[in-house]
2 protein chains.
Amino acid sequence: MAFSVEGIEGLPEIGEGDDLAAVITGATSLEDGDIIVVTSKIVSKAEGRAVAAADREQAITDETVRVVATRAYEGGVTRIVENRQGIIGAAAGVDASNAPDGMVLLLPVDPDASARALAAGIRSLTGCSVGVILSDTLGRPWRDGQTDVAIGAAGVHVFDDLRGGADASGKPLSVTMPCVADEIAAAAELVKGKASGIPVAVVRGLGRYVGALDLPGARSIQRPLDRDLFRVGADEAYDDGYRDGFDESQSEGSLRRDS
Amino acid sequence: MAFSVEGIEGLPEIGEGDDLAAVITGATSLEDGDIIVVTSKIVSKAEGRAVAAADREQAITDETVRVVATRAYEGGVTRIVENRQGIIGAAAGVDASNAPDGMVLLLPVDPDASARALAAGIRSLTGCSVGVILSDTLGRPWRDGQTDVAIGAAGVHVFDDLRGGADASGKPLSVTMPCVADEIAAAAELVKGKASGIPVAVVRGLGRYVGALDLPGARSIQRPLDRDLFRVGADEAYDDGYRDGFDESQSEGSLRRDS
């Protein structure tokens, strides 16, 4: 049981309309079972998902479908939101780092579709059965720092579904479902990184997770709201409860006065 | 930029009192800069952190310092808690999988101290400058499935602190601080896994993250409560707010009646 992760060096700067499948296959040789992890930033660039930096706050608003939590800091407000892609994160994925000068990048419109097109293109150019993961860097509750996760996936199983299986001693693993797509994205960050300028890594040796192009994508990782115990921030939920409790008490009081 | 991850096969079953440094160095050859990722389960076994499965619920209560959220399911209640180690997760880390028959395993008392002792032992036995990460499998808000994270670390930088640095085009990366310890733990899960019975992996090629034994451990990853927007579940926060709002309204009402 072993695998390797290698950053692809020397890729050209990506611009709108570039054919990423051609760029990647031109820069490295691939094998059956490889998983190619692509920083979503370069997919955004290829898809022309850049807007003027001056419009950043409006872009965040436009990309937001639901505000999860906010926090004021010196100089602004951090907005943790669910974005159009269903991903919960800061600033709806709108980000200036590694964006063209004076611009900010939005996430790809449909990261799973982008991953599927890229995987299909690479499979067609190389004849190799490969998987593609689009990664982004996200903060998380409870733990400081960020990790890269899968925001798009194609041709790869996003979960290693052990539910119904057994551990090494035969005991049932009733709830265990490692999110291998997130783990692969995290591994790839260790060679890609925001500072290195390397946007693509090849993970070799995990071909057991590679499969059909129409496997469920990264959107299937997103927990439905009705099963999410942390669907809004603690302060936001407290404020909602306070308002409802106050109103309920008032209406009880008015009922009492009316009676 | 490349690294490899290899599971160590053929390790013996670990029991209380076993010398993990001797077991690991006896099973594989190590090099300067290697990072050894050890499933915390075998550290718990070596430290004798097993209790009878019948006492599981009490053990969870005993290991809990703060309840974060609860949810009833058919047959029980899931408790998301902060445990004695400061880690937020389900069931305080008390787990039956890969535990001895009829027993459940608690987390090591001080995972950073366990990692430090293990790293010191391996360094002493091999003369190699290695890092050690203790991993555990945790669920997370917003995203389904679990990923392995670092719950103990020694001789390794847990963050790649880019704050104050620049991206590939020179723009400042003001808040970027990848949690490389969690990413390395996640990568190692891909060869260790709950089902494979392989509890130790060697990560080779990331020696730039290896450092002194007294670097901050995995506890430094845990976000302080006052900066945690998701410090309690949405339902729990709402209920707290409701109660306070109701009471406040009542006391306003009584003030009004008193006046």
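What counts as what
Residues numbered from 1 in each chain as written. Chains lettered and ligands numbered in written order. Predicted model: local features only at pLDDT ≥ 70, side-chain atom pairs only at ≥ 80, totals over all residues. Heavy atoms only, no water. Helix = DSSP H or I, 4+ residues; strand = E, 2+ residues; numbered from the N terminus. Buried < 20%, exposed > 50% of the residue type's maximum accessible area, 1.4 Å probe, protein only. Contact = heavy atoms within 4.5 Å. Areas by Shrake-Rupley, 256 points an atom, 1.4 Å probe, with all protein chains shown as cover. Pairing = 2+ DSSP bridges. Axes fitted to C-alpha atoms, helices over the stretch in contact; angles between N-to-C directions. Least-squares fit on C-alpha atoms with pLDDT ≥ 70 in both. Arc of directions from axis to C-beta. Polar contact = N/O pair within 3.5 Å; in protein donor to acceptor, adjacent residues only side chain to side chain. Domains from an automatic or database assignment. Buried area = accessible area lost by both parts, 1.4 Å probe. Salt bridge = Lys/Arg side-chain N within 4 Å of Asp/Glu carboxyl O. Core = buried A, V, L, I, M, F, W, Y, C linked by side-chain atoms within 4.5 Å. Phe/Tyr/Trp six-rings, centres within 6.5 Å; stacked < 30°, edge-to-face > 60°. Nonpolar A, V, L, I, M, F, W, Y, C, P; charged D, E, K, R; others polar.

A. Region of the structure containing the overall build of chain A. The helix and strand inventory of chain A stands at 6 helices and 10 strands. For chain A, the spread of C-alpha atoms along the three principal axes comes to 80 × 55 × 30 Å. The burial tally for chain A puts 54% of its 259 residues in the buried class. The long-range share in chain A, meaning contacts at least 24 apart out of those at least 6 apart in sequence, stands at 65%. Of the roughly 10,600 Å² of accessible surface on chain A, 50% is carried by carbon and sulfur atoms.

B. How the structure looks around the environment of Ile198(B). Mapped onto the elements, Ile198(B) comes out in the loop between helix H5 (180-189) and strand S10 (200-204). Ignoring anything within four residues of it in the chain, the contact list for Ile198(B) reads Met1(A), Gly7(B), Ile8(B), Glu9(B), Thr39(B), Val191(B), Lys192(B) and Gly193(B).

C. The arrangement of the side chain of Gln222(A) in detail. Mapped onto the fold, Gln222(A) is located in the loop between strand S10 (200-204) and helix H6 (234-258). The exposure class of Gln222(A) is buried, given its relative accessible area of 14%. Residue contacts for Gln222(A): discarding those within four places in its chain leaves Gln85(A), Gly86(A), Ile87(A) and Trp142(B).

D. Structural detail: the sheet that holds strand S4 (residues 64-73) of chain A. Residue and element names in this part refer to chain A. Sheet architecture is open: 3 strands sit in the order S4-S5-S6, paired in antiparallel fashion. Two strands in the sheet have a free side with no partner beyond their single neighbour: S4 and strand S6 (88-90). Each adjacent strand pair in this sheet contributes to an overall mean axis angle of 20°, direction not counted. Relative to S6, strand S5 (residues 76-83) runs antiparallel, the two being bridged by 3 bridges. Residue pairing for S6: Glu82 is matched across the bridge by Ile88.

E. Structural context of the relation of the copies chain A and chain B. When chain A is fitted to chain B, the residual RMSD is 0.0 Å, and the transformation amounts to a turn of 180° plus an axial shift of 0.0 Å. Here the transformation between the copies is reduced to the relation of a two-fold axis. Of the residues that chain A buries at the interface, 100% are likewise interface residues in chain B, meaning the two copies contact each other through the same surface.

F. Fine view of the pairing of strand S1 (residues 2-7) of chain B. Side chains Phe3(B), Val5(B) and Gly7(B) of S1(B) all project onto a buried face; the interleaved residues Ala2(B), Ser4(B) and Glu6(B) project onto a face where none is buried. Inspection of the sheet shows strand S1 (residues 2-7) of chain A paired to S1(B) by 5 bridges, in the antiparallel sense. Looking at S1(B), one finds that Ala2(A) is bridged to Glu6(B). Here S1(B) runs beside S10(B); their pairing, made up of 4 bridges, is antiparallel. For Gly7(B), the partnering residue across the bridge sits in S10(B) and is Ala201(B).

G. Region of interest: helix H1 (residues 20-27) of chain A. All names here are of chain A. Regarding H1, the residues found buried are Leu20, Ala21, Val23 and Ile24. Around the axis of H1, the buried residues are gathered within 165° of arc, so they sit on the same side. Considering only its buried residues, H1 is in contact with strand S2 (35-39), helix H2 (40-46), helix H4 (111-126) and S10. Between the side-chain oxygen at the start of H1 and the backbone nitrogen of Ala21 there is a gap of 3.1 Å, and the oxygen is on Asp19.

H. Inspection of the domain arrangement of chain A at higher detail. Residues and elements named next belong to chain A. Per the domain assignment, the segments of chain A are domain 1 (1-40 + 107-228), domain 2 (50-105) and domain 3 (234-259). Spacing between the C-alpha centres of domain 1 and domain 2 amounts to 23 Å. The interface is formed by 11 residues belonging to domain 1 together with 15 residues belonging to domain 2. Across the domain 1/domain 2 interface, buried area totals approximately 950 Å², and carbon plus sulfur atoms make up 49% of it. Taken together, domain 1 and domain 2 are joined by 0 salt bridges.

I. Layout of the nonpolar core. Core analysis: the biggest nonpolar cluster contains 54 residues, and Ile35(A), Ile133(A), Ile35(B) and Ile133(B) have the highest contact counts within it. Beyond its immediate chain neighbours, meaning those up to four positions away, Ile133(A) contacts Ile35(A), Ile36(A), Val37(A), Val38(A), Ala150(A), Gly152(A), Ala153(A), Val156(A), Ala181(A), Ile184(A) and Ala185(A).

J. Looking closely at the packing of aromatic side chains. Evaluated as defined, the whole model comprises 6 aromatic pairs over all chains. An aromatic cluster is defined as three or more aromatic residues linked by ring pairs; in this entry it consists of Tyr238(A), Tyr242(A) and Phe246(A).

K. Local environment of the interface of chain A and chain B. On the chain B side, the residues contacting the 88 residues of chain A number 88 residues. When chain A packs against chain B, the two sides together hide about 7,700 Å² of surface, and 55% of this comes from carbon and sulfur. When the buried surface of chain A facing chain B is broken down by residue, Trp142(A), Arg143(A) and Leu190(A) rank first, second and third, together holding 12% of it. Counting every contact that joins chain A to chain B gives 10 salt bridges. Put simply, Asp182(A) and Arg143(B) hold a salt bridge, and the shortest N to O gap is 2.9 Å. The interface formed by chain A and chain B contains 51 residue pairs in polar contact (both at pLDDT 80 or more). Broken down by secondary-structure element, the contributors of at least two residues to the side of chain A that touches chain B are S1, S4, strand S9 (147-154), helix H5 (180-189) and H6 of chain A. It is H6(A) that provides the largest number of residues to the side of chain A that touches chain B, a total of 15 residues. Split by residue class, the side of chain A that touches chain B holds 45 nonpolar, 17 polar and 26 charged.

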